[in-house]
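Below, each chain spelled out in residue letters.
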Amino acid sequence: MADLLVLVAIGVGTYLMRAAFLATAGARPPAVVTRLLQYVGPAVLAAIALPALVAPHGRVTSAETVPALLAAVVAGVLWRLTRSLPLALFGGLAAAWGVTWLLT
């Protein structure tokens, strides 16, 4: 019974959140909110990507974490230097493979 109540509460909450956006569709958010909304995308991306870098298979071990972190650093540096996304991705992939080969 408690599970059913939780599901109903989640359903009602979801409906109310969506209805609130529909009801205020014409209104403009305050300036502070508008200024802060530009940081939501990068924050969500970081929240999704960081656990995959720090604990790729659900646990933090040097054999799994070091290649992922090094690949991210190499890809970031290559992208900053060349502005070429394919080069950055393949460079990070090569770094991850190389470090994994060295550690195993």
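Structure's up top.
The structure presented is a predicted model; accordingly, all values stated were derived computationally and were not measured.

Chemist: Explanation requested: the pattern of salt bridges in the structure shown.
Modeler: Oppositely charged side chains can pair when the atoms bearing their charge come close. With the rule as written, the count across this model stands at 1 salt bridge. For Arg-59, the salt bridge identified is with Glu-64, shortest N-O distance 3.2 Å. Under the relative-accessibility criterion, Glu-64 is labelled buried at 18%.

Chemist: Mind showing me how you'd approach a nonpolar patch on the surface here?
Modeler: Taken together, the side chains of Met-1, Leu-4, Leu-5, Val-8, Val-12, Tyr-15 and Leu-16 define a hydrophobic patch exposed on the protein surface, amounting to about 790 Å² of accessible area. Turning to its location among the elements, Leu-16 is positioned in helix H1 (residues 2-23).

Chemist: Quick question: what am I supposed to make of unusual backbone geometry here?
Modeler: Leaving glycine aside, a negative phi is the common case for residues, and trans is the common case for peptide bonds. Although it is not a glycine, Arg-83 adopts a positive phi angle of roughly 60 degrees. By the secondary structure assignment, Arg-83 is in the loop between helix H4 (62-82) and helix H5 (85-103).

Chemist: Got a minute to help me understand the environment of Thr-82 in this structure?
Modeler: Inspection of the secondary structure assignment puts Thr-82 in helix H4. Under the relative-accessibility criterion, Thr-82 is labelled partly exposed at 37%. For Thr-82, the side chain forms a polar contact with the main-chain oxygen of Leu-78, separated by 2.7 Å.

Chemist: Please clarify how the layout of surface pockets should be interpreted in this entry.
Modeler: In this approach, a probe sized like a water molecule rolls over the atoms, and the result shows the empty space that is left. Here the largest pocket is characterised by a volume of approximately 170 Å³. Lining the largest pocket we find Leu-45, Ala-46, Ala-49, Leu-50 and Leu-53. Its residues assigned to classes, the lining of the largest pocket comprises 5 nonpolar, no polar and no charged.

Chemist: Any chance you could explain H4 here in plain terms?
Modeler: Helical geometry: 3.6 residues make up each α-helical turn, so side chains three or four residues apart lie on a common side. With 21 residues, H4 should reach 30 Å at 1.5 Å per residue; the first-to-last C-alpha distance of 29 Å fits that figure. Those residues of H4 not exposed but buried are Glu-64, Thr-65, Pro-67, Ala-68, Ala-71 and Ala-75. In the segment just after H4, Arg-83 is the residue with positive phi, at about 60 degrees.

Procedures and definitions
Residue positions are counted from 1 within each chain, in the order its sequence is given. Owing to the predicted nature of the model, reporting of local features is limited to residues with pLDDT of at least 70; listing and counting of side-chain atom pairs is limited to 80 or more, with chain, interface and lining totals taken over all residues. Excluded from the side-chain calculation are hydrogens and water; included are all heavy atoms of the structure. A pair is scored as a salt bridge if a Lys or Arg side-chain nitrogen falls within 4 Å of a carboxyl oxygen belonging to Asp or Glu. Categorising residues by exposure relies on relative accessible area from a 1.4 Å probe, with only protein chains included: less than 20% of the type maximum marks a residue as buried, more than 50% marks it as exposed, and the intermediate range marks it as partly exposed. Note on patches: the residues involved have over 30% relative accessible area and no salt bridge, like charges join within 9 Å, and the nonpolar side chains Val, Leu, Ile, Met, Phe, Trp and Tyr join within 5 Å. Reported accessibility uses the Shrake-Rupley method at a 1.4 Å probe radius. Residues are deemed covered only where the shown protein chains occlude them. Secondary structure elements follow DSSP: runs of H or I of four or more residues count as helices, runs of E of two or more count as strands, with numbering from the N terminus. Think of a polar contact as two N or O atoms within 3.5 Å of one another; within protein, one of them needs to be a possible hydrogen donor and the other a possible acceptor, and neighboring residues in sequence only count if both atoms come from side chains. Residues are called lining when one of their atoms sits within 4 Å of a cavity or pocket point, these points coming from a 1 Å grid over the protein atoms alone, where a cavity is a set in which a 1.4 Å probe fits but cannot get out and a pocket is an open set with protein on both sides within 12 Å along at least five of seven lines. Grid points are joined across faces, edges and corners, and a volume is the space filled by probe spheres set on the points. Think of it as three bins: nonpolar holds Ala, Val, Leu, Ile, Met, Phe, Trp, Tyr, Cys and Pro, charged holds Asp, Glu, Lys and Arg, and polar takes everything else, Gly as well. Working rule for helices: expected span equals 1.5 Å times residues minus one.

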